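# Commentary on secondary and tertiary structure
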Amino acid sequence: MTALPLHTRHERSFESNKFVYPVLSRRSEGMSIGVNLNPDKVCNFDCIYCQVDRTTQSETQFVASDRLLAELDATLDLVASGEIFKTERFKDSPLRLRRLNDIAFSGDGEPTTYKNFDEIISTCADVKRRRNLPHVKMVLITNASMFHRPHVQRGLEILDANNGEIWAKLEAGTEDYFKLVDRTPIPFRQILDNITAAAKVRPLVIQALFMRVHGQPPPLAELEAFCDRLREIASAGSKLKLIHVYTVARQPAESFVAPLADVEVDAIVELVHRRTGLAAKAYYGTSV
Ligand code: SF4
């Protein structure tokens, strides 16, 4: 059997860890230490391309912060010593990716729904400070649905003070397509308002995943509407520093979802750049 490219293997556990999982990330261009704040696999979205396996129940239901921090420290030790690149999973890592880029809050659900979100961000920032890692980013990978909550806003401010970066999901231009892809009762308007408000305070990265649904790529009218939403956000005085345009790279939840070809991803990047003037970057599917 052919081994999968490393970027397609984002298993949520490493050795015996329950909350912290190192991955080689294309979008981070290096090693990213993932922190899973949703071990119960509950999410307020139900994206058709989600790769979290919710057909089985997780044995870990709650975040145990002491254990999470111990795992974070131990994993940072492994990366700092280079020992991690002797393990079976990472021994084939390309040299250019053997650098620690970030600690990323994502996991098996939406990280900002975790009730102690601000506290755990603060504690992880303390770990980074204690280890003298100011250059290591703290990346929040989020669907932007909870930015209006006060404790989430506090967490975002702690990220701002600690080399943080927010990657907010936006992959539709209309309410209908948003409901088709992200399958949530949360209104599309709420997501747009949250992104607009958060990006007034600090520049955001937008992560936009497009795919084939039942064999069909996203309609051009939808992609143009997506660009219009980006322009509206930018014209409200909000800053979007980069648009990640990517496609499915791992086995999605639904079998009717498939990756776009590289040329289709490139065409979306070109459209975004032409219609919005914003910087956009392509990340392909299973091709390396
Ligand atoms: S927001 Fe993320 S974790 Fe939640 S369903 Fe979508 S892809 Fe999966």
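The numbers attached to residues start from 1 for each chain and follow its sequence in the written order. At least 70 in pLDDT is required for a residue's local features to be given in this predicted model, at least 80 for side-chain atom pairs to be given and counted, and no such filter applies to totals for whole chains, interfaces and linings, which use all residues. Excluding hydrogens and water, the side-chain figures rest on all heavy atoms present in the structure.

## Remarks on the pattern of salt bridges
Salt bridge criterion: a side-chain nitrogen from Lys or Arg within 4 Å of a carboxyl oxygen from Asp or Glu. The tally for this structure, following the rule as stated, stands at 24 salt bridges. Lys-169 is the partner of Glu-171 in a salt bridge, and the nearest nitrogen-oxygen pair spans 3.7 Å. No difference in accessibility class separates Glu-171 from Lys-169, as the two residues are buried. Residues joined in a network through salt bridges with shared partners are Asp-73, Asp-77, Arg-130 and Arg-131. Relative accessibility decides the category of a residue: with a 1.4 Å probe and only protein chains considered, values under 20% of the type maximum give buried, values over 50% give exposed, and everything between is partly exposed.

## With respect to the packing of helix H6 (residues 220–235) against helix H7 (residues 262–276)
When two helices pack together, you describe them by how their axes are tilted relative to each other and by the distance separating the axes. Axes here mean lines fitted to C-alpha atoms, for a helix over just the part in contact, with angles spanning 0 to 180 degrees between N-to-C directions. Secondary structure elements are taken from DSSP: a helix is a run of H or I of four residues or more, a strand is a run of E of two residues or more, and numbering for both begins at the N terminus. Two elements in contact, H6 and H7, have axes whose closest approach is 9 Å; the angle formed by their N-to-C orientations is 45°. The pairing of H6 with H7 is recorded here as oblique in orientation. By crossing handedness, the relation of H6 to H7 is classed as right-handed. Where H6 approaches H7, its residues Leu-220, Leu-223, Glu-224, Phe-226, Cys-227, Asp-228, Leu-230 and Arg-231 are matched on the opposing element by Ile-268, Leu-271, Val-272, Arg-275 and Thr-276. Across the contact of H6 with H7, the residue classes tally to eight nonpolar, one polar and four charged. Roughly parallel means an angle under 35 degrees; roughly antiparallel, over 145; roughly perpendicular, 65 to 115; everything else is oblique. For any pair of crossing helices, the crossing counts as left-handed if the nearer helix is rotated counterclockwise from the farther one by less than a right angle, and right-handed if it is rotated clockwise. Note on contacts: a residue pair is in contact if any heavy atoms of the two residues lie within 4.5 Å. Amino acids are sorted into nonpolar (Ala, Val, Leu, Ile, Met, Phe, Trp, Tyr, Cys and Pro), charged (Asp, Glu, Lys and Arg) and polar (every other residue, Gly among them).

## A look at the packing of aromatic side chains
A pair of Phe, Tyr and Trp rings is counted when the ring centres sit within 6.5 Å of each other, with Trp represented by its six-membered ring. The angle between the planes then sorts it: under 30 degrees is stacked, over 60 is edge-to-face, the rest tilted. Within the structure shown, the criterion is met by three aromatic pairs. Between the aromatic rings of Phe-210 and Phe-226, the centroid separation amounts to 5.2 Å while the plane-to-plane angle is 80°, which identifies the pairing as edge-to-face. With Phe-210 in the loop between strand E6 (204–209) and strand E7 (212–213) and Phe-226 in helix H6, this residue pair connects regions lying 16 residues apart in the sequence. Residues Phe-210 and Phe-226 agree in their burial class; the two are buried. Among the aromatic residues, those joined into a cluster by ring pairs are Phe-45, Phe-178 and Phe-188. For a ring to carry a charge above it, either NZ of a lysine or CZ of an arginine must fall within 6 Å of the ring centroid while also lying within 35 degrees of the normal to the ring plane. A cation sits over an aromatic face here: Arg-27 above Tyr-246, 4.1 Å from the ring centre.

## Quick word on the packing of helix H2 (residues 117–130) against helix H3 (residues 150–160)
At a closest axis distance of 8 Å, the pairing of H2 and H3 adopts a crossing angle of 15°. As far as their axial angle goes, H3 and H2 are roughly parallel. As H2 runs across H3, the sense of the crossing is left-handed. On H3, the residues that touch Phe-117, Asp-118, Ile-121, Ser-122 and Ala-125 of H2 are His-151, Val-152, Arg-154, Gly-155, Leu-156, Ile-158 and Leu-159. For the contact of H2 with H3, the per-class residue count stands at seven nonpolar, three polar and two charged.

## Quick look at the site of the ligand
Nearness here has a simple test: a residue counts as near a molecule or strand if at least one of its heavy atoms is within 4 Å of that partner. What surrounds the ligand is the set Cys-43, Phe-45, Asp-46, Cys-47, Tyr-49, Cys-50, Arg-54, Gly-109, Asn-143 and Lys-169. Tallied by class, residues from the shell around the ligand come to five nonpolar, two polar and three charged.

## Concerning the pairing of strand E8 (residues 240–246)
Most of E8 is tucked away: five of the seven residues are buried. A pair of strands is considered paired only if DSSP assigns at least 2 bridges between the two. By the bridge criterion, four bridges tie E8 to strand E10 (residues 280–283) in an arrangement that is parallel. By the bridge assignment for E10, Tyr-246 is matched with Tyr-283.

Fair warning: the whole summary comes from geometry, so function is off the table for now.
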